Each structure stands twice: as structure tokens, then as C-alpha cells.
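Residue-level structure breakdown
Take a look at the letters that make up each chain.
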Amino acid sequence: MDVNGTVAEGFEPVREAFVRNFEVLGERGAAVAVYRDGRRVVDLWAGTKDVDGTKDVDGTADSAPWERGTAQIVRSATKGVAAAALLLLHQRGLLDLDAPVGEYWPEFKAVGKERVLVRHVLSHRAGLPVLDRPLTPEEALDPLRGAEAVARQALVWEPGTDHGYHALTYGWLLGELVRRVTGRDVGDWIAEEIAGPVGADLWVGLPAAEAGRVGRAGRVEAPGNAGGLRSRPKRSVAEAYDDPASLTRRAFAAITPFPDQNDPAYRAASLPATNGIATAEGLARFYASLVGEVGGGPRLFTPGTLAAARAEESAGPDRVLVINTRFGLGYMLHGSASPFLDAGSFGHPGRGGSLGFADPESGIAFGYVTNGFSKTVTADPRAQALVRGVRAAL
């Protein structure tokens, strides 16, 4: 495998894991980046830009190769970027995490939702993981339609009493709060207040000028696993995904059918739960900027905001994912469902592969993006192999 990029001395285990992902785990095109204490120590990419790219018998690619700066859709890894918007608004004194959502969004209070707090939205405790009437793909591209649908939706459980992954509704809840507080689209806010200041190549709502950098993504079948990670779900999890009446199935079906993620219209929309696009370097740089300065850019989170982001808000059986999950404010926390680097790590995976996180104690910030989506939800073997490579380097 022709791997491009660099690793700092001592981080060779990450390169070895990256190569093995292509040789053993069916990787098609991917990149990984790691920062330590604000300095980039891993920056690797390989394969083809498009998931359906192949190689001729002489080894040359018959589709464009992955290049430095190639970006991919990162699915739910978007949630970690979007969460920073609400936390920064709180940090600036513009949003109270313990205020009712309806204080900022009066229409939201319909059908008994007066007790849903902003904190509940970030910690997946709002009780709104589903829509009784799913949106069509065309409706979903309009963020106002999504917000209107969530405002009409009745609660599934009493807010704050339980938790369950808000796979798609999270984006409309968070996006509308940003719009009500700032008057700006959440994608624009992220571009102007987060990505731009820290110099991170990531977008929620892809600008037309950047479209040529993004490869085609699609499903891949991994031929094996890494380090013994479960490659097949437990029976209870598989049954939940197969049951049309389950909260699991309904949460992921809040848009039905799900849009083509390679459609330019989908990529240009502002869906802060699912359609962020990033380079691995951009994702890692974002997380590095949450915990420290990078290249003279600003540190985004104060120590108090950082502590709040990774303080446990939800833990235990997840009513949607049907496994034990842990959440802080907008971020998954290190645990069996989504292993990061160590106990203090926080971040967010994307269904099928991508991953971004930070570990303040070690100074590590990590970003991995791929054009090949596997069947995994929170702990992809390729990403986990790279995390183990980082751990071996420390």
C-alpha cells in the first residue's frame, strides 16, 4: 500500500495500523491525523478518493487517488462539532444550559415539552429521538421543516429521566437553538466561529467551491476485525434494528428514505447531526483547538467549558442504541460502546467509520475519515486499530 504523509518519531505504530487497515480490513480510501499538545504528529492518507475506485493490474488507480486535503462525509462525527456551537454560546453568556428549550424557541413547548432543557438536548435525555411522521429527503434538506417537525412531536419519555441516542432529531434540536439565539444558520455559525478561526477544514453545509475535494462514499464489507472487537452485533441489538416499531429503527428512520449521501444537495444542506464533511486533519485540528492552542489559533473551550463537556450526564442502557453508552454535553465519553484513548477522552464517532476525539490528559487530538462505511455504529475496527496505535506510541 502506497501511504502518503508523515509520522513523528515514536508514532510509527499508527502508520502500521493504517497500512493494516488497507491490507486486512477492506479500507478503500482514508486519512488519519493526530495532534499532541498542539503539534501535528501524524498526517497520513492512502487509497482512492472514491469508495468505488479500483486499481488496474499494474497498480495504478483508475480513479483519482486520495490526496492531502481530500474530505469525506463524517456522519455522526458531525455531532461533536455541532455540540461546540451550543457550548460556545453558553461560554459567551448567550445560552443557559439549564433553561427550558422553549425559552428560546416558544413553539417547541407544544404537546408537553415545557420541561425539556438545553442540557437534555446535548446529553440525549430530551425524550425526542423519533418523529411519528418521518420527513422525506426533500423535506429534510430544509432545516426549518425539521425544526417544525420536532416542535410538533410528543415526548417518548419524561425529559431528564432516561437517555437514548437522538440520531437525527439531535441536529434539528441543536440547529434551531443556534438559529433562535444567534439568528444564523448553524452551518454558517460553525464556519465563521469555529472552523475559520482555528483553520480547520470542516463544514456543515458544504460550499460549492469545496465540492471537488470530497470523494464518493459508500458501504464496504470488512473481511475481518481488529483486536477482537465485536464484528457482529448482539442478538438484542440486531433485533432492535430489524423491528420497525422499535425506538432504534424509528430514530434512524426520522428521514425516510435516507438521502443519498453523495448527492450535492444533501452535502450542501445544514444537518448538524449527520452531514458534516471534514478532512482527517481538520477533525483532529478541531479537537486539538478545544483543549489548547494550535498554530497560534484560539483555544475554543475555557477550562470550565471543557470540564462540562466531558462530565458524565448520561450512562447505562441506551434506549435507542440498545447498548450501554456514556454522554457528556454533546460528546460521547470513553467506554465500551465507543472506546477512545483513556478515561478522560471525549469525542464522537460517525456511523460506519469516522471518529474524532480529544484526550486532554495526554494532549492527544485524533481525526479519522474514510470513504468506506462498514456496518458498525460506534466502534469501527479500523478506527479502533488506529487508536490502539496511538496508545502504543504514548
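The following refers to the structure shown. (Residues numbered from 1 in each chain as written. Predicted model: local features only at pLDDT ≥ 70, side-chain atom pairs only at ≥ 80, totals over all residues. Heavy atoms only, no water.)

**A word on the overall build of the protein chain**
- Within the protein chain, the secondary structure is distributed over 14 helices and 14 strands.
- Since a compact globule built from 394 residues should have a radius of gyration of about 21 Å, the 20 Å found for the protein chain is in line with a globular shape.
- Taking the principal axes of the C-alpha coordinates as reference, the protein chain spans close to 65 × 45 × 40 Å.
- Here the protein chain holds 394 residues, and the buried ones make up 58% of them.
- Within the protein chain, counting contacts between residues at least 6 apart in sequence, those at least 24 apart form 68% of the total.
- Accessible area for the protein chain stands at about 14,900 Å²; split by element, carbon and sulfur atoms hold 49% of it.
- Charged side chains in the protein chain number 43 positive and 48 negative. The centres of these two groups are separated by 4 Å. (Helix = DSSP H or I, 4+ residues; strand = E, 2+ residues; numbered from the N terminus. Rg over C-alpha atoms; globule rule 2.2 N^0.38 Å. Buried < 20%, exposed > 50% of the residue type's maximum accessible area, 1.4 Å probe, protein only. Contact = heavy atoms within 4.5 Å. Areas by Shrake-Rupley, 256 points an atom, 1.4 Å probe, with all protein chains shown as cover. Lys, Arg positive; Asp, Glu negative; His and termini not counted. Charge placed at Lys NZ, Arg CZ, Asp CG, Glu CD.)

**Here's the deal with the pairing of strand β8 (residues 314-317)**
- One ladder, built from four bridges, connects β8 with strand β9 (residues 324-327); its direction is antiparallel. If you follow proline 317 over to β9, its bridge partner there is asparagine 324.
- Between β8 and β9, which pair antiparallel in sequence order, lie six residues; one of them, valine 322, sits at a positive phi of approximately 60°. (Pairing = 2+ DSSP bridges.)

**Topic: helix α2 (residues 78-91)**
- For α2, spanning 14 residues, the distance from its first C-alpha to its last is 20 Å, which sits close to the expected 20 Å at 1.5 Å a residue.
- Taken across its 14 residues, α2 has 12 buried, putting it largely inside the fold.
- Here α2 has its buried residues at Thr78, Lys79, Gly80, Val81, Ala82, Ala83, Ala84, Ala85, Leu86, Leu87, Leu88 and Leu89. (Expected span 1.5 Å × (residues − 1).)

**Considerations on the pairing of strand β11 (residues 346-349)**
- The alternating pattern of β11 places Phe346 and His348 and Gly347 and Pro349 on opposite faces, both of which are buried.
- Taken together, the two bridges between strand β10 (residues 332-333) and β11 define a ladder with antiparallel strand orientation. Bridged to leucine 333 within β11 is phenylalanine 346.
- Pairing geometry for β11 and strand β12 (residues 355-359), over four bridges, is antiparallel. Its bridge partner being in β12, phenylalanine 346 is matched across the sheet by alanine 358.
- Here β11 hands over to β12 after five residues, with glycine 352 in that stretch at a positive phi of 95°.

**Looking at the sheet that holds strand β4 (residues 72-73)**
- The strand order across the open sheet built from three strands is β4-β7-β5, with neighbouring strands paired in antiparallel fashion. Among the strands making up the open sheet, the edge pair consists of β4 and β5 (202-203).
- Of the pairings in the sheet, the one linking β4 to strand β7 (residues 277-278) comprises two bridges and is antiparallel in character. What sits directly across from glutamine 72, in β7, is alanine 278.

**Describing the packing of α2 against helix α12 (residues 280-291)**
- Running from N to C, α2 and α12 cross one another at 35°; their axes reach a closest spacing of 11 Å. In the packing of α2 onto α12, the handedness of the crossing is left-handed. Counting all contacts with α2, which are made through Gly80, Val81 and Ala84, the residues of α12 involved are Leu283, Phe286, Tyr287 and Leu290.
- Residue composition of the contact of α2 with α12, grouped by class: six nonpolar, one polar and no charged. (Axes fitted to C-alpha atoms, helices over the stretch in contact; angles between N-to-C directions. Left-handed = near helix turned anticlockwise from the far one by under 90°. Nonpolar A, V, L, I, M, F, W, Y, C, P; charged D, E, K, R; others polar.)

**What to know about the environment of proline 137**
- With respect to the helices and strands, proline 137 occurs in helix α5 (residues 137-140).
- When sequence neighbours within four positions are dropped, the list of residues in contact with proline 137 reads Ile255, Thr256, Pro257 and Pro259.

**So, the pattern of salt bridges**
- Inspection of the entire model under this criterion finds 25 salt bridges.
- The salt bridge partner of glutamate 281 is arginine 285, with a shortest N-O separation of 3.8 Å. Of this pair, glutamate 281 and arginine 285 both sit in helix α12, four residues apart, roughly one helical turn.
- The network of salt bridges with shared partners includes Arg40, Asp43, Arg68, Glu281 and Arg285. (Salt bridge = Lys/Arg side-chain N within 4 Å of Asp/Glu carboxyl O.)

**Quick word on unusual backbone geometry**
- Here the residue pair threonine 256 and proline 257 is connected by a cis peptide bond, since its omega of -10° sits within 30 degrees of zero.
- Relative to the helices and strands, proline 257 is located in the loop between α10 (247-252) and α11 (264-268).
- With a phi close to 60°, histidine 124 is a non-glycine residue in the positive phi region.
- Phi at valine 322 is positive, roughly 60°, even though this residue is not glycine.

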